[in-house]
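Chain by chain, the residues:
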Amino acid sequence: MTQIRYCDRVCGQLAAQEDKAGRKRGTRLVGDGLPCILTGDVFVAQVITHENAMEAEAKEKEMRAKRRAEHSEELAQWKIEEIERKERNWTTRAIFEAQKAEWKAEQDLAKLEKRRPQWNKPKMGAIEKPVSRPE
């Protein structure tokens, strides 16, 4: 009975090991240790396929690096614009708060003198909405 369990366990381990080895992406053309004819049509076709795949992979890697650099430039520009937008909004709010304080003083004075304020309550200017972050 214990031998059956052992055989099942070892069989499962072997299957997992073979599955893991099958998933590995090899770049070697002659990786099984067996001799092969280097001038055979099948091997030459494998070499051409391998070279094309490596060139495509290199081009894709270069394109990813280029896109990453462009994205970082866009992100840096966005950050600068976002800081400037926040400063403009802060200035707008500061001006509004100053006008509101001035109006409040005028309103209090008008209450003491039992008259209407000379001007209406100020309204805050438009606040710029944030620009979406580049993705």
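That block above? That's the structure.
Computed from a prediction, not measured in an experiment: that's the story for all the values here.

Conventions we followed
Residues numbered from 1 in each chain as written. Predicted model: local features only at pLDDT ≥ 70, side-chain atom pairs only at ≥ 80, totals over all residues. Heavy atoms only, no water. Helix = DSSP H or I, 4+ residues; strand = E, 2+ residues; numbered from the N terminus. Buried < 20%, exposed > 50% of the residue type's maximum accessible area, 1.4 Å probe, protein only. Contact = heavy atoms within 4.5 Å. Polar contact = N/O pair within 3.5 Å; in protein donor to acceptor, adjacent residues only side chain to side chain. Patch = residues over 30% accessible without salt bridge, like charges linked within 9 Å, V, L, I, M, F, W, Y side chains within 5 Å. Areas by Shrake-Rupley, 256 points an atom, 1.4 Å probe, with all protein chains shown as cover. Salt bridge = Lys/Arg side-chain N within 4 Å of Asp/Glu carboxyl O. Lys, Arg positive; Asp, Glu negative; His and termini not counted. Charge placed at Lys NZ, Arg CZ, Asp CG, Glu CD. Disulfide = S-S within 2.5 Å. Expected span 1.5 Å × (residues − 1).

K.L.:
Could you give an account of the overall build of the protein chain, naming the residues involved and the relevant values?
P.N.:
Helix and strand counts for the protein chain come out as two helices and zero strands. Residue burial in the protein chain is summarised as follows: out of 135 residues, 10% are buried. A fraction of 50% describes how many contacts in the protein chain between residues 6 or more apart in sequence connect residues 24 or more apart.

K.L.:
Describe the side chain of arginine 85, naming the residues involved and giving the relevant values.
P.N.:
Tracing the backbone through its elements, the reader meets arginine 85 in helix H2 (residues 41-112). Not counting residues up to four positions away in its chain, the partners in contact with arginine 85 are Glu128, Lys129 and Pro130.

K.L.:
Go over the side chain of asparagine 89, please, and point to the residues and values.
P.N.:
With respect to the element layout, asparagine 89 can be found in helix H2. Separated by 3.0 Å, the side chain of asparagine 89 and the backbone nitrogen of glutamate 128 make a polar contact. Look past the residues within four positions of asparagine 89 in its chain and what remains in contact with it is Ile127 and Glu128.

K.L.:
Tell me what's going on with a positive patch on the surface, and back it up with residues and numbers.
P.N.:
On the surface, Lys104, Lys111, Lys121 and Lys123 cluster together to form a positively charged patch. As for its placement among the helices and strands, lysine 111 is situated in helix H2.

K.L.:
I'd like a rundown of the state of the cysteines, residues and numbers included.
P.N.:
Inspection of every chain in the model, using the stated rule, returns zero disulfides. Cysteine 7 carries a free sulfur, and the closest cysteine sulfur to it, the one in cysteine 11, is 8.7 Å from it. The exposure class of cysteine 7 is partly exposed, given its relative accessible area of 41%.

K.L.:
Explain the pattern of salt bridges to me, using residue names and the numbers behind them.
P.N.:
Pairing is possible between side chains of opposite charge, provided their charged atoms come close. Summed over the entire model, instances satisfying the criterion amount to six salt bridges. The salt bridge partner of glutamate 128 is arginine 88, with a shortest N-O separation of 2.6 Å. Of this pair, glutamate 128 sits in the segment after H2 while arginine 88 sits in helix H2, placing them 40 residues apart in sequence. Classification of glutamate 128 as partly exposed rests on a relative accessible area of 32%.

K.L.:
Can you break down unusual backbone geometry residue by residue, with the values?
P.N.:
Phi angles above zero are rare outside glycine, and lysine 114 is one such case at about 55°. Within the element layout of this structure, lysine 114 appears in the segment after H2. The class for lysine 114 is exposed, based on a relative accessible area of 77%.

K.L.:
Which residues make up the environment of isoleucine 95, and what values do they have?
P.N.:
Structurally, isoleucine 95 can be placed in helix H2. C-alpha of isoleucine 95 to C-alpha of glycine 125: the two residues are 30 residues apart in sequence and 9.1 Å apart in space.

K.L.:
If you had to explain the environment of glutamine 77 to someone new, which residues and values would you point to?
P.N.:
Tracing the chain through its elements places glutamine 77 in helix H2. Exposure remark for glutamine 77: the relative accessible area of 42% places this residue in the partly exposed category. Along the chain, glutamine 77 and proline 134 lie 57 residues apart, while their C-alpha atoms are 9.8 Å from each other.

K.L.:
I'd like to hear about H2, residue by residue, with values.
P.N.:
Counted at 1.5 Å a residue, the expected span for H2 with its 72 residues is 106 Å, and the 104 Å between its end C-alpha atoms agrees. Along H2, the residues that are buried comprise Phe43, Leu75, Trp78, Glu82, Arg85, Asn89, Phe96, Trp103, Glu106, Gln107 and Ala110. Once H2 finishes, lysine 114 follows within two positions and takes phi at roughly 55°, a positive value.

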